[in-house]
Every structure is written in C-alpha cells, then in structure tokens.
Amino acid sequence: MKDSKPYEISKKVVMAAYRRVKSNRGSAGFDGQDIEEFEKDLKGNLYKIWNRMSSGSYFPPPVKAVEMPKKSGGTRRLGIPTVSDRVAQMVVKLYFEPMVEPIFHKDSYGYRPNKSALDAIGQARQRCWKYDYVIEFDIKGLFDNIDHELLMKAVRKHTQESWIILYIGRWLKTPFVTGTQEVIERRSGTPQGGIISPILANLFMHYAFDMWITKKYPNAPFERYADDAIIHCKTEQDAMKILEALNERLAACKLGLHSQKTKIIYCKDKDRTRNYPNTRFDFLGYSFKRMFIKDRLNRLQLNFLPSVSKKSAKSFRDKLKELKIHSMTGSKIEMLAELLNPMIRGWLNYFGKYNRSAVKYTMDCVNQRLVKWAMCKYKRFKNHRRRANEWLREIAKREPNMFSHWAFGIIP
C-alpha cells in the first residue's frame, strides 16, 4: 500500500539530498549529531525527514550560531543547521534551484552552478579595459538584513509548490541558539551557513539589484558575487549618478551600503593619465590596479590588471606561520608535502590564474619555511641557511612535483 501524503516529494530526491550533504561534510548542529551519528540509523532518519516534509509537519530545529572572525575585523554570525535540517534544506534546493536558476542574470556569479569567482574576475578584467570608472560597493550585512516579506514575494513568483513556500517561510523564522543556549529570534535575513540561504540571497538580489540596474542603466555592466559587487561606468558623472540611485534603491529594499567599502575608482593605465584619489580596488581577493607587464615583444607596458591582493597574500602567510613547520622535526619532507599541498594547490589555483608573477613572493615564503625546517631537523644545516637552501634546491630538481608550488615553477 502506497503512502498517501498531501505533498509529493520523491524519496529518491531525499536520498540524493543526503548524499550531497554528506559530500559537503560540515560540523554538527545544536543537537551535537554529526554525519556519522546520523548514519547509524540512516534509513529511519531519512524516512522521518521524508514523512514529515510530505505531510507538512516538518518544523526546522533551531540553528547553531557560531561567531566567525572577519578579515576586516569584528565577527560574522554563521548558522549551522542540524544534519537532518541540512538534508531537508537540500531537498528544497534540488526542487527550487531549477525553477529560479534560469532567470538569474549572467553576471551574478555567487553560489551558482558552472559559475565561479574566477569567472567574475575574468569578466571584470576585460571590462576595466573598456570602462574608465568602477563603482566598488559592499552591501551591509546582506544575509542578516534581507526583508522576509519582499523575499517571500519573490519566492511565490517562481513556484506554485505550496510545500516549498511553507518550508522556506519556516526556515526564515527559525531562531539561533548560541553556545550559552541563548535563543535569538529572527525577524529578517537568511543565515549564512544554511544550504537554502545562497539561493534565497541570489533571488532577493536578482530583483533588488541585478534587474534594476540592467533596466535603469543598461550601459553600466556589473559583476556580482553574493553581496560583493562592482559596476563599470564610462564617466565619473555616470558613476556618481548611479551610486546615488543605488543608495536609494537599496534603501527601498531595506538594505544599505557599507560606506567604508563603497567608492568610485579610476581605472588608470598608460592611456588614462588623470590624477584621481582612488585608482585601485579589491574584488574577491584580487587587487585591480595599474601595473607594469611585459608585452609580446618583452617590453614593459602599463596596464590595469588584477593580481593577488596584499590582504589575501598575508592571510596565506599567516596560516602558514600558524602551522609551525620548523617544529615538525620528526617528519620527513614527504609528510610536509602531504600536509601543505592541499593548501598551496587551492591557493595557487585561485590566485595564480591572473598575474602569476604576483604569487612568487608568497610561495618563496613556503620555501623559506622549508629551509628553516631543514635547519632545525638536520645538525649539519644548523646555522647554515645557504647549505639548507642548496639541499632543498637539489630535492626540487630531483622531485619537481613534490610540492605544488615547485610544479608551478617556484623552486628554492
């Protein structure tokens, strides 16, 4: 006898949702249950999720609040749902994403299939050559301040599935629970950390910003990654006019700009010589600025290009320093490679894409950490940095793929 439920939700989709959640890993929610614990009664737990969602009786448990430090100072509150709630959110995502993804703007890059931050950087790079000015802006607390009423209006526009509308509405109101068991009610926003949150944020910004600027200022293209965005303008007057209108538009959508992170930049290069207070900007970890590069004839030319930002490079070096490699004297160099390569590879894959030479200093710091390790490990190298450096160079020649940055061409 088949189960008869008011909402038709496929059990196969629930299983697919669980597999996605498992592959994403993630820590336990406020109930302390992790994936391994959840899997001890996998069949029963998945049936419970399906049964409650199909009957309309699923109520999300509270979200664990975790304060994470921001690079710019202060903290950002992340919400960690329980494993079962992550599966439930993934079920809705698998149904809802195909409904809204086709309508999203091509220059919205955040949390979307087959789009990445590097795609946004590449597009911005090309447009900075064509447009003299850029508006760099940052929306203040987007995930915390999204208006629920406006968001639900957009959700209803794109689905008639009453169960999707029902559960999204419930997730928006789900309270936070802190480490001290304090319950924090939510009247706006969709918590960072939730599986459904990125889609909802993109849907909100699709109407609050993407469609608005496309219709009102069709000659001012943009790149947006969640709450981080830039707009390209032909003239300073255009930029000032658009920035003023943007302030008004976001205020009407109950959002605001971060004043310290919002400014107009002049894309100065060899052909643009005007003196202007702002001639560089940071976007998605890259710094766009005027710099010398060699052309095909090996001549130095001025151009306006992206390269790894000082903040991003320092962040990597700080993480490297925290590992205290020099103290791992009981480890072989192969073990250090196994430890460091995932970190190095990921960083180089992102920041080595544009202006490869800019990553050399940071990768040289990895080599110097390895030299310091060798000086601590081997008595013959104690107080002999040059000898340790030569020894490391010989290894790099023999095993050029041992470390990811050696394979990239940055050897001792």
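This text goes with the structure placed above it.
A few points on the structure.

Reading the values: the criteria
- Residues numbered from 1 in each chain as written.
- Predicted model: local features only at pLDDT ≥ 70, side-chain atom pairs only at ≥ 80, totals over all residues.
- Heavy atoms only, no water.
- 1 Å grid on protein atoms, 1.4 Å probe; cavity = no way out; pocket = protein on both sides within 12 Å on 5 of 7 lines; lining within 4 Å.
- Points joined across faces, edges and corners; volume = space filled by probe spheres on them.
- Helix = DSSP H or I, 4+ residues; strand = E, 2+ residues; numbered from the N terminus.
- Nonpolar A, V, L, I, M, F, W, Y, C, P; charged D, E, K, R; others polar.
- Pairing = 2+ DSSP bridges.
- Axes fitted to C-alpha atoms, helices over the stretch in contact; angles between N-to-C directions.
- Contact = heavy atoms within 4.5 Å.
- Phe/Tyr/Trp six-rings, centres within 6.5 Å; stacked < 30°, edge-to-face > 60°.
- Buried < 20%, exposed > 50% of the residue type's maximum accessible area, 1.4 Å probe, protein only.
- Expected span 1.5 Å × (residues − 1).
- Disulfide = S-S within 2.5 Å.
- Salt bridge = Lys/Arg side-chain N within 4 Å of Asp/Glu carboxyl O.
- Core = buried A, V, L, I, M, F, W, Y, C linked by side-chain atoms within 4.5 Å.

### So, empty space enclosed by the protein
1) Next: Tallying each qualifying case throughout the model produces two cavities of 30 Å³ or more.
2) Next: Here the largest cavity defines a volume of roughly 90 Å³.
3) Next: For the largest cavity, the lining is made up of 15 residues, of which Gln89, Trp171, Pro191, Gly194 and Ser197 are closest to its centre.
4) Next: Elements that contribute at least two residues to the lining of the largest cavity include exactly helix H4 (83–100), helix H8 (162–173) and helix H9 (197–216).
5) Next: Split into classes, the residues belonging to the lining of the largest cavity amount to seven nonpolar, six polar and two charged.
6) Next: A volume near 30 Å³ is recorded for the second largest cavity.
7) Next: Lining the second largest cavity we find Glu97, Glu101, Phe104, Tyr111, Arg112, Ile199 and Asn202.
8) Next: Tallied by class, the residues present in the lining of the second largest cavity amount to three nonpolar, one polar and three charged.

### Thoughts on the sheet that holds strand S6 (residues 222–225)
1) Next: An order of S6-S7-S3-S8 is seen for the four strands of this open sheet, with the pairing classed as antiparallel. Strands at the two margins of the open sheet, each flanked by one partner only, are S6 and strand S8 (263–266). Going across the sheet, the axis of each strand differs from the next one's by a mean of 20 degrees, ignoring polarity.
2) Next: The pairing of S6 with strand S7 (residues 228–233) spans four bridges and is antiparallel. In the sheet register, Arg224 faces S7, and the bridge partner there is Ala229.
3) Next: Each of strand S3 (133–138), S6 and S7 touches H9; the most contacted strand, S6, lies at about 170 degrees to it.
4) Next: Across the sheet, helix H10 (residues 236–252) is in contact with S3, S7 and S8; its angle to S3 comes to roughly 20 degrees.

### Observations concerning the sheet that holds strand S4 (residues 176–177)
1) Next: Strand order in this open sheet of four strands is S2-S1-S4-S5, and the pairing throughout is mixed. Edge positions in the sheet fall to strand S2 (75–80) and strand S5 (183–184), since each has one partner strand and no second.
2) Next: Here S4 pairs with S5 via two bridges, running antiparallel. The residue of S5 that forms the bridge with Phe176 is Ile184.

### Some thoughts on the packing of aromatic side chains
1) Next: This structure, assessed with the given rule, holds 26 aromatic pairs.
2) Next: Aromatic side chains Tyr133 and Tyr266 sit 5.2 Å apart centroid to centroid with 40 degrees between the ring planes, which places their arrangement in the tilted category. With a gap of 133 residues between them, Tyr133 in strand S3 and Tyr266 in strand S8 connect regions that are remote in the sequence.
3) Next: Note on Tyr133: relative accessible area 6%, which makes it buried.
4) Next: According to the relative accessible area criterion, Tyr266 is buried, its value standing at 6%.
5) Next: Ring centres of Tyr286 and Tyr354 lie 6.0 Å apart, and the angle between their planes is 70 degrees; on these two criteria the pair is classed as edge-to-face. One end of the pair, Tyr286, is in strand S10 (residues 286–294); the other, Tyr354, is in the loop between helix H12 (333–351) and helix H13 (360–377), with 68 residues separating them in the sequence.

### Section: H10
1) Next: Taking 1.5 Å of rise per residue, the 17 residues of H10 would be expected to cover 24 Å, and the 25 Å separating its terminal C-alpha atoms lies within 8% of that figure.
2) Next: Along H10, the residues that are buried comprise Glu236, Ala239, Ile242, Leu243, Ala245, Leu246 and Leu250.
3) Next: Looking one or two places after H10, you find Lys254, whose phi comes out positive at around 65 degrees.

### Thoughts on the state of the cysteines
1) Next: Summed over all chains, the structure comprises zero disulfides.
2) Next: Cysteine Cys365 remains unbridged, with the sulfur of Cys376 as its closest cysteine sulfur at 17 Å.
3) Next: Residue Cys376 is classed as partly exposed on the basis of its relative accessible area, which comes to 43%.

### A word on the pattern of salt bridges
1) Next: A full pass over the atoms with the stated rule returns 17 salt bridges.
2) Next: The residue Glu37 makes a salt bridge to Lys40 at a minimum N-O spacing of 3.2 Å.
3) Next: Across the salt bridge formed by Asp210 and Arg224, the nearest N and O atoms sit 2.9 Å from each other. Of this pair, Asp210 sits in helix H9 while Arg224 sits in strand S6, and the two are 14 residues apart along the sequence.

### Let's talk about the nonpolar core
1) Next: In terms of nonpolar packing, the biggest core is built from 70 residues, with Met53, Phe96 and Ile231 touching the most fellow members.
2) Next: Top contributing element to this core by residue count: H9, with 10 residues.
3) Next: Leaving out residues up to four positions away in the same chain, Phe96 has contacts with Val155, Thr159, Ile164, Ile168, Ile199, Leu200 and Leu203.

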